[in-house]
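Structural overview
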Amino acid sequence: MSANHEDHHHAPDGHGRALRLGIGGPVGSGKTALVAALCRSLGPSLRLGVVTNDIYTTEDADFLRRAGVIDADRILAVQTGCCPHTAIRDDIAANIDAVETLEERFGPLDLVIVESGGDNLTATFSRGLADRQIFVLDVSGGDKVPRKGGPGVTAADLLVVNKTDLAPMVGADLTVMSRDAAKVRDGKPVLFTSIREDKGAHSVAEWVVGIVDTWQHQHAHTV
């Protein structure tokens, strides 16, 4: 993360609490679709909560509730009233309140997913809010996007490139995207998917299960 995106918040003690997973990315990249897919795949085995972020509406939360991917009460909406990155990196209080409300009402939980509003390639979560971060791109912007970098692309724990089914239609070369993403991410994982074709985003869900298992082992998460 560059000096212009310094994190001013400290990571909270992880002992006995849920892993908090931030999901960010540009508008339309498929963040809400990924949250829905993860709820479908992980809901039967993990105790989940979800926090969504929109500037003025509750649209993403409403979509998830209508989809019925988890119990509607386990989905809370934050109306940020500001640029998305502000609410996930700088002034995280509203999101922290929502996360803690879910944990108080339904805890113990295994995983709380916090979805950012749509933002640009610089968007990152404060470690005071998210323990791990996924950044979602899609191929519609062309195969040049990963090499443009930005903290969201380079620093996230996992980069997901979504809508691979559209690559032939927009002239995006997935081999080029994979090569460039690997180069700018210095060995951190990259997964390609089409949530339209894989409603459970199973490769991403498998990665999430792994980080939850590691988190629980490291922090002695108990029932």
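Sequence order as written defines the numbering, with residues in each chain counted from 1. With pLDDT at 70 or above as the cut-off, local features in this predicted model cover only qualifying residues; side-chain atom pairs require 80 or more to be listed or tallied, and sums for whole chains, interfaces and linings still use all residues. In computing side-chain values, all of the structure's heavy atoms are included and hydrogens and water are not.

Examining the overall build of the protein chain
The helix and strand inventory of the protein chain stands at 9 helices and 7 strands. As a reference, a globule follows 2.2 Å times the number of residues to the power 0.38, and the radius of gyration itself is taken over C-alpha atoms. For 223 residues, the compact-globule formula gives about 17 Å, and the C-alpha radius of gyration of the protein chain, at 16 Å, lands near that figure. If you line up the protein chain on its principal axes, its C-alpha atoms span 45 × 40 × 40 Å. Counting every position in the protein chain, which comprises 223 residues, the buried fraction comes to 52%. Across the protein chain, every contact between residues at least 6 apart in sequence was considered, and the portion connecting residues at least 24 apart equals 80%. What counts as a helix is a DSSP run of H or I of at least four residues, what counts as a strand is a run of E of at least two, and both are numbered from the N terminus. When a residue's accessible area, from a 1.4 Å probe over protein chains only, is under 20% of the maximum for its type it is buried; when over 50% it is exposed; and in between it is partly exposed. For this analysis, residues touch if any pair of their heavy atoms sits within 4.5 Å.

What about helix 8 (residues 174–185)?
In an α-helix there are 3.6 residues to a turn, and that puts residues three or four apart on one side. Multiplying one less than the number of residues by 1.5 Å gives the expected span of a helix. Between its first and last C-alpha atoms helix 8 spans 16 Å; for 12 residues at 1.5 Å apiece the expected length is 16 Å, and the two agree. Of the surrounding elements, those touching the buried residues of helix 8 are helix 5 (145–148), helix 6 (151–155), strand 6 (158–162) and strand 7 (190–192). Capping of helix 8 at its N-terminal end is provided by Asp173; its side-chain oxygen lies 2.9 Å from the backbone amide nitrogen of Thr175. Count one or two residues on from helix 8 and you reach Asp186, which has phi positive near 55°. Here a polar contact is taken to be a pair of N or O atoms separated by no more than 3.5 Å, where protein atoms must pair a possible hydrogen donor with a possible acceptor and residues adjacent in sequence count only if both atoms sit in side chains.

Here's the deal with the UniProt feature "domain: CobW/HypB/UreG nucleotide-binding" (unreviewed entry) in the protein chain
UniProt positions are given in the numbering used here, feature names are shortened, and annotations may be inferred rather than shown by experiment. The positions that UniProt labels "domain: CobW/HypB/UreG nucleotide-binding" (unreviewed entry) are, in the present scheme, residues 21–191. A helix fraction of 39% and a strand fraction of 20% characterise residues 21–191, whose end C-alpha atoms lie 16 Å from each other.

A closer look at the pairing of strand 6
The side chains of a regular strand alternate, residue by residue, between the two faces of the sheet. Burial of strand 6 is extensive: 5 of the 5 residues sit out of reach of the surface. Residues of strand 6 alternate between two faces, with Leu158, Val160 and Asn162 on one and Leu159 and Val161 on the opposite face, all of them buried. What makes two strands pair is DSSP finding at least two bridges between them. Bridge analysis of strand 6 against strand 7 gives 3 bridges, and the strand direction is parallel. Residue pairing across strands places Val161 opposite Phe192, the latter belonging to strand 7.

A word on the nonpolar core
The term nonpolar core refers to a set of buried residues drawn from Ala, Val, Leu, Ile, Met, Phe, Trp, Tyr and Cys, joined through side-chain atoms within 4.5 Å. Residues Ile23, Leu34, Leu38, Leu111, Ile134, Val204 and Val208 are the most contacted members of the largest nonpolar core, which totals 33 residues. Mapped onto this core, the elements with two or more residues apiece are strand 1 (19–24), helix 1 (31–42), strand 2 (48–54), helix 2 (59–67), strand 4 (111–115), strand 5 (132–138), strand 6 and helix 9 (202–218). If sequence neighbours within four positions are ignored, Leu34 has contacts with Ile23, Ile134, Val136, Ile195, Ala201 and Val204. One finds Ala18, Val78, Ile88 and Ala130 within the second-largest nonpolar core, a separate group that totals 16 residues.

A word on the pairing of strand 5
Taken across its 7 residues, strand 5 has 6 buried, putting it largely inside the fold. As judged from the 4 bridges shared by strand 1 and strand 5, these two strands associate in the parallel manner. Counterpart to Gly22 in the pairing with strand 5 is Gln133. As judged from the 5 bridges shared by strand 5 and strand 6, these two strands associate in the parallel manner. Across the sheet, residue Phe135 finds its bridge partner in strand 6, namely Leu159.

A look at the UniProt feature "binding site: GTP" (unreviewed entry) in the protein chain
Annotation from UniProt places "binding site: GTP" (unreviewed entry) at Gly25, Pro26, Val27, Gly28, Ser29, Gly30, Lys31 and Thr32. In this structure, Gly28 sits in the loop between strand 1 and helix 1. Once residues lying within four places of it in the same chain are set aside, the contact partners of Gly28 are Asp138 and Lys163. Within the secondary structure layout, Lys31 lies in helix 1. A residue is classified by how much of its surface remains accessible, and Lys31, at 6% relative accessible area, is buried.

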